[in-house]
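# Commentary on secondary and tertiary structure
The primary structure of each chain is shown beneath.
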Amino acid sequence: MYVSARSDYALRAMLAVAAGVVGEGAGEGGELVKAASLAEAQDIPFSFLQGILLDLRRAGLLFSHRGSDGGYALTRPAQEITVGDVLRAVGGSLTTVRGLPAERAGYHGVAAGLTDVWLAVHGAIATVVDSRTLADLLDRHPTNEEGGVVEPVPRRPDHTSYRS
């Protein structure tokens, strides 16, 4: 499984909406979170985030309201939205083989057994991502002694190890 920037950003945006870490209130509580605030808080390029939010809305995971008081909120409680729901909304199949869903990978001859391997990999990934909800991830977020959320220091990837 390859986790794309799009998938990572989508999960971060959904967690931010669920936690209400931006804007005036919690996305789950019915208060709306603005896309620009999400982009800034999660360090996601705004134009890229807009497309992600559209996919999440089309998948029925986010509600949006236009206007000066507009923004985004979860359509269901965070404990009912899984990591798998978000990944499928923005990326389609969880596992691909040469760009096709694992179940469509066909082989013949000595390689025929590979289909079973890719389906088992797909099943294992689905088991993990479908058993973790946004609420589960938020419950693991550390808090300080006053009960406030402790924001980790943002880390940038070290691009020096990549070959050009």
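For clarity, every value in this text was computed on a predicted model and none was experimentally measured. In every chain, residue numbers begin from 1 and rise along the written sequence. It should be noted that, the model being predicted, local features are given only for residues of pLDDT at least 70 and side-chain atom pairs only at 80 or more, the latter also being counted only at that level, while totals for whole chains, interfaces and linings use all residues. Note that water and hydrogens are dropped before the side-chain values are worked out from all heavy atoms of the structure.

Turning our attention to the confidence of the model for the protein chain. The pLDDT value expresses, per residue, how confident the predictor is, ranging between 0 and 100. Within the protein chain, residue pLDDT values average 82, and 79% of them lie at 70 or more. Averaged pLDDT values over the elements of the protein chain bottom out at 84 in strand β4 (residues 100–101) and peak at 96 in helix α3 (residues 46–58). For residues 144–150, every residue scores under 50 in pLDDT, and the model assigns this stretch nine contacts once sequence neighbours within four places are set aside. Here, two residues are considered to be in contact whenever any of their heavy atoms come within 4.5 Å of each other. Predicted confidence is poor over residues 152–156, with pLDDT under 50, and the contacts of this stretch with residues over four places away or in other chains come to one contact. Under the DSSP-based scheme used, a helix requires at least four consecutive residues in state H or I and a strand at least two consecutive residues in state E, with every element numbered from the N terminus.

Below, the discussion takes up the nonpolar core. Nine residue types can take part in a nonpolar core, namely buried Ala, Val, Leu, Ile, Met, Phe, Trp, Tyr and Cys, and a core is a set of them joined through side-chain atoms within 4.5 Å. Throughout this description, buried means an accessible area under 20% of the type-specific maximum (1.4 Å probe, protein chains only), exposed means over 50%, and partly exposed covers the range between. M14, L53, L56, L62, L74, V86 and L134 are the most contacted members of the largest nonpolar core, which totals 34 residues. Those elements that place two or more of their residues in this core are α1 (5–19), α2 (35–42), α3, β2 (71–74), α4 (83–91), α5 (114–129) and α6 (134–139). If we ignore the near neighbours within four places in the chain, the residues touching L62 are M14, V17, L53, L56, R57, Y72, A73, L74 and T75.

Attention shifts here to the packing of α1 against α4. Taken N-terminus to C-terminus, the directions of α1 and α4 make an angle of 130°; their axes are 9 Å apart at the nearest point. Between α1 and α4, the angle is such that the two are oblique. Seen from above, α1 lies across α4 with right-handed handedness. Taken together, the residues of α4 that come into contact with α1 (itself represented by R6, S7, A10, L11 and M14) are V83, V86, L87 and V90. Here the residues of the contact of α1 with α4 sort into seven nonpolar, one polar and one charged. Only C-alpha atoms enter the line fits that serve as axes; for helices the fit covers just the stretch in contact. Angles between N-to-C directions range over 0 to 180 degrees. Angle categories: roughly parallel below 35 degrees, roughly antiparallel above 145, roughly perpendicular from 65 to 115, and oblique for all the rest. Crossing handedness is read from the near helix: turned anticlockwise from the far helix by less than a right angle, it gives a left-handed crossing, and turned clockwise, a right-handed one. Classes in brief: Ala, Val, Leu, Ile, Met, Phe, Trp, Tyr, Cys and Pro nonpolar; Asp, Glu, Lys and Arg charged; the others, Gly included, polar.

We define a salt bridge as a side-chain nitrogen of Lys or Arg found within 4 Å of a carboxyl oxygen belonging to Asp or Glu. Applying the stated criterion across every chain, the model contains four salt bridges. For R6, the salt bridge identified is with D55, shortest N-O distance 2.3 Å. Here R6, found in helix α1, pairs with D55, found in helix α3; they are 49 residues apart in sequence, far enough to count as distant. Taking the shortest distance from any N to any O, the salt bridge between R88 and D130 comes out at 2.8 Å. You can see R88 sitting in helix α4 and its partner D130 sitting in the loop between α5 and α6, a full 42 residues away along the chain. Residue classification places D130 among the partly exposed residues on the basis of a relative accessible area of 35%.

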